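# Fold and contact review
These are the residues of each chain, in order.
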2 protein chains.
Amino acid sequence: MTTTQRFDQSESLHPSEARKLFRQGTIAPTSGWSAGFTQTNLISLPRDWAYDFLLFAQRNPKPCPVLDISDEGSYTTTLAPDADLRTDYPAYRIWRNGQLAEEVGDATEFWRDDLVSFHIGCSFTFETVLVEAGIPLRHREQGVNVPMYTTQRQCRPGGRISSPLVVSMRPVPASMVAEAVTASNTMTGAHGAPVHVGDPGSLLIDDIDRPQFGDRVTFHDGDVPVFWACGVTPQAAILASGVPFAITHAPGHMLITDQPDRHVAGDHRGV
Amino acid sequence: MTTTQRFDQSESLHPSEARKLFRQGTIAPTSGWSAGFTQTNLISLPRDWAYDFLLFAQRNPKPCPVLDISDEGSYTTTLAPDADLRTDYPAYRIWRNGQLAEEVGDATEFWRDDLVSFHIGCSFTFETVLVEAGIPLRHREQGVNVPMYTTQRQCRPGGRISSPLVVSMRPVPASMVAEAVTASNTMTGAHGAPVHVGDPGSLLIDDIDRPQFGDRVTFHDGDVPVFWACGVTPQAAILASGVPFAITHAPGHMLITDQPDRHVAGDHRGV
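Just so we're clear, the structure is a prediction, and the values are computed from it rather than from any experiment.

Attention now goes to the sheet that holds strand E7 (residues 164–173) of chain A. Residue and element names in this part refer to chain A. The strand order across the open sheet formed by 4 strands is E6-E7-E9-E8, and the pairing between neighbours is antiparallel. Two strands in the sheet have a free side with no partner beyond their single neighbour: strand E6 (148–154) and strand E8 (196–197). When E7 meets strand E9 (residues 223–229), the two strands line up antiparallel, connected through 7 bridges. Within E9, the residue paired with Pro-171 across the bridge is Pro-225. Against the sheet, helix H3 (residues 123–132) touches E7 and E9, its axis set at about 20° to E7.

Residue and element names in this part refer to chain A. Counted according to the given criterion, the structure contains 14 aromatic pairs over all chains. Residues Phe-53 and Phe-56 carry aromatic rings whose centres are separated by 6.2 Å and whose planes lie at 35° to one another, so their mutual orientation is tilted. One end of the pair is Phe-53 and the other is Phe-56, both in helix H2 (residues 47–59) and 3 residues apart, which spans about a single turn. The exposure classification of Phe-53 matches that of Phe-56, with both residues buried. Cation over ring: Arg-86 sits above Tyr-75, and NZ or CZ is 3.5 Å from the ring centre. Taking NZ or CZ as reference, Arg-160 lies 3.9 Å from the ring centre of Trp-49, over its face.

Turning chain B through 180° and shifting it by 0.0 Å along the axis lays it on chain A, with an RMSD of 0.0 Å. In short, the pair behaves as if placed about a two-fold rotation axis. For chain B, the minimum C-alpha distance to the rotation axis belongs to Tyr51(B) and amounts to 2.5 Å. Interface residue correspondence from chain B to chain A reaches 100%, placing this contact among same-surface, isologous pairings.

Our focus in this paragraph is the interface of chain B and chain A. Contacts between the two partners involve 30 residues from chain B, matched on the other side by 30 residues from chain A. A combined buried area of about 2400 Å² lies between chain B and chain A, and 57% of that area is made up of carbon and sulfur atoms. Counting across the chain B and chain A interface gives 6 salt bridges. Note that Arg156(A) is salt-bridged to Asp68(B), the shortest N-O span being 3.1 Å. Where chain B touches chain A, the interface holds 8 residue pairs in polar contact (both at pLDDT 80 or more). Elements supplying a minimum of two residues to the side of chain B that touches chain A: helix H2 (47–59), strand E2 (66–69), strand E5 (115–121) and strand E6 (148–154) of chain B. At 8 residues, H2(B) tops the list of elements feeding residues into the side of chain B that touches chain A. Its residues placed into classes, the side of chain B that touches chain A shows 14 nonpolar, 6 polar and 10 charged.

Moving on: the sheet that holds E6(B). Residue and element names in this part refer to chain B. With antiparallel pairing, the 4 strands of this open sheet are ordered in space as E6-E7-E9-E8. Two strands lie at the open edges of the sheet, namely E6 and strand E8 (196–197), each paired on one side alone. Looking at chain direction, E8 and strand E9 (residues 223–229) are connected through 2 bridges and run antiparallel. The residue of E9 that forms the bridge with Val-197 is Val-226. Running at roughly 15° to E9, helix H5 (residues 177–185) makes contact with strand E7 (164–173), E8 and E9 of the sheet.

With that out of the way, let us pick up helix H6 (residues 233–241) of chain A. All names here are of chain A. For H6, a buried count of 7 out of 9 residues is recorded, marking the element as mostly surrounded by other parts of the structure. Residues of H6 that are buried sit in contact with strand E1 (37–46), H2, strand E3 (92–96), E7 and strand E10 (245–249). Looking at the residues trailing H6, positive phi occurs at Gly-242, about 65°.

Take the pattern of salt bridges next. All names here are of chain A. Going through the model one piece at a time under the given rule, you end up with 36 salt bridges over all chains. Between Asp-82 and Arg-19 there is a salt bridge, and its shortest N-O distance comes to 2.6 Å. With Asp-82 in the loop between strand E2 (66–69) and E3 and Arg-19 in helix H1 (residues 15–23), the pair connects residues that are 63 residues apart, well separated along the chain. Residue Asp-82 is classed as exposed on the basis of its relative accessible area of 51%. Close ionic contact of Glu-127 with Arg-170 constitutes a salt bridge, the shortest N to O distance being 2.9 Å.

Turning to the packing of H2(A) against H2(B), a few remarks are in order. In contact at an axis separation of 10 Å, H2(A) and H2(B) are set at 55° when each is read in the N-to-C sense. Considering their axes alone, H2(A) and H2(B) lie oblique with respect to each other. Pair H2(A) / H2(B) crosses with left-handed handedness. Between H2(A), through Arg47(A), Ala50(A), Tyr51(A), Asp52(A), Leu54(A), Leu55(A) and Gln58(A), and H2(B), the contact on the second element is made entirely by Arg47(B), Ala50(B), Tyr51(B), Asp52(B), Leu54(B), Leu55(B) and Gln58(B). Considering only residue class, the contact of H2(A) with H2(B) consists of 8 nonpolar, 2 polar and 4 charged.

An α-helix turns once every 3.6 residues. As a result, residues three or four positions apart point the same way. All names here are of chain A. Most of H3 sits out of view: 8 of its 10 residues are buried. What H3 keeps buried is the set Ser-123, Phe-124, Thr-125, Phe-126, Glu-127, Thr-128, Val-129 and Leu-130. Where H3 is buried, its residues touch E1, helix H4 (138–141), E7, helix H5 (177–185) and E9. Gly-134 occupies a position one or two residues after H3 and carries a positive phi of about 85°.

Let's shift gears to the side chain of Arg86(A). All names here are of chain A. Relative to the helices and strands, Arg-86 resides in the loop between E2 and E3. Within polar-contact distance, the side chain of Arg-86 engages the side chain of Asp-84 at 2.8 Å. Leave out the neighbours within four places in its chain, and Arg-86 touches Tyr-75, Tyr-92, Asp-106, Ala-107, Thr-108 and Trp-111.

Apart from glycine, the bulk of residues carry a negative phi angle, and the bulk of peptide bonds sit in the trans form. Not every positive phi belongs to a glycine, and Asn97(A) is a case in point at roughly 50°. Backbone geometry places Ser34(B), a non-glycine residue, at a positive phi of 45°. Here Ser34(B) is to be found in the loop between helix H1 (15–23) and strand E1 (37–46). Take Ser34(B): its relative accessible area is 1%, and that puts it in the buried class.

So, how was this worked out
- Residues numbered from 1 in each chain as written.
- Chains lettered and ligands numbered in written order.
- Predicted model: local features only at pLDDT ≥ 70, side-chain atom pairs only at ≥ 80, totals over all residues.
- Heavy atoms only, no water.
- Pairing = 2+ DSSP bridges.
- Helix = DSSP H or I, 4+ residues; strand = E, 2+ residues; numbered from the N terminus.
- Contact = heavy atoms within 4.5 Å.
- Axes fitted to C-alpha atoms, helices over the stretch in contact; angles between N-to-C directions.
- Phe/Tyr/Trp six-rings, centres within 6.5 Å; stacked < 30°, edge-to-face > 60°.
- Buried < 20%, exposed > 50% of the residue type's maximum accessible area, 1.4 Å probe, protein only.
- Lys NZ or Arg CZ within 6 Å of the ring centre and 35° of its normal.
- Least-squares fit on C-alpha atoms with pLDDT ≥ 70 in both.
- Buried area = accessible area lost by both parts, 1.4 Å probe.
- Salt bridge = Lys/Arg side-chain N within 4 Å of Asp/Glu carboxyl O.
- Polar contact = N/O pair within 3.5 Å; in protein donor to acceptor, adjacent residues only side chain to side chain.
- Nonpolar A, V, L, I, M, F, W, Y, C, P; charged D, E, K, R; others polar.
- Parallel < 35°, antiparallel > 145°, perpendicular 65-115°, else oblique.
- Left-handed = near helix turned anticlockwise from the far one by under 90°.

Shown next as structure tokens:
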């Protein structure tokens, strides 16, 4: 399951059209798709683990900004009322006993009535404001998935859930780093401001050219690595905590919701 | 338990000194105490109800901005490491089978090992920025507790928890309403911007001169009623949802934490 298709018109697709393509079998990273609409990370866990995960997310809102929580057993979300959570991501990961069991394009046969689905904000959302600020996105220029890294930094544990922080990285021209910080800082529901700027050695557990998720990206002269908290952190948590069963999206392969990005600046949930 | 003591020096007390007074038996509303330090609402529930409540809070972040969650059975919080949650609020409410059972100054004898304590942001925190913006606070001028009202508006339910929205109200001179909105909007961890401005009839279930919690406050000519989501909403939720046991603060009688108010602008939790 490594097929990556590219669509020249993906940026202007309506979210419902994009979801239909994925439901029909298209597999592609969603960076840049349906510009202006919020994308989300998925983690679906048995109800018995839901409190632990939500406690963990509440204690670590930068990697885990919770935008919605589906009711137990439900495969719908208020973020995209006509979406089917079992089919409308480009790709899924199935986890058993804290290990990645398989990666699939359709999760229907794995769904369970006791699953609680958490919808976590995604850095692809703040990429829109970076682009609007004139900041080049090297991974898009190079046609690859954004690189993501497991770090040396530990999240604050919640119940049975603990995890290292996972980050995404974008090379940013040094003259534009401050603008990248202030622009993304407004997107509190999509990881907000960076957690680390420059000096990868004091953050990463490995080489910047060997990301744990996504693809290697090439720096231009004068680019500085800028790191944002990443919604793949829950997948590191599954590994670190031995969660017995979970369904997640495949890194970089997100749900494209019907919510405009501006809803992630500030908070529009609830009453 | 209706004693209200007033302290002329309360504004400049260090939080640990204020907590010591409350631990020793002082009972007073905490509006204006220890200026610049965040105050928090308490709701302690059995672990069996913790997921439902956290789900409810996540879905309704304006009334329920969660600043910390204590581990099961713990009576400490990271927001004030030397505080004892059983003694350091000026007053508590004990709830049984969804009903207010009693109001006490010390909750030690009621504490249970299965309680999970949620710490919710408080409007007294954004009062600091209102004062800095030159906005008069009528309830402080008049030496009364802020008025709080149960409204006609329903929160989005979470699991077994449902509730009407509870609001606090401050009369604001018409020329300063916009400033009150923009100033409080920065305090996302303390209810943020108002939920309703003017026209009480379309929001309240009762008369503006008969608040369900706190005290009646007198308007000056040209004042407009401005309503903010209120951390007493969890107490309305206990009533509406028949929670079998809970300990909360008494309305207006908060924990004064060691966190500077600026930590409530933006989000400083976690990694």
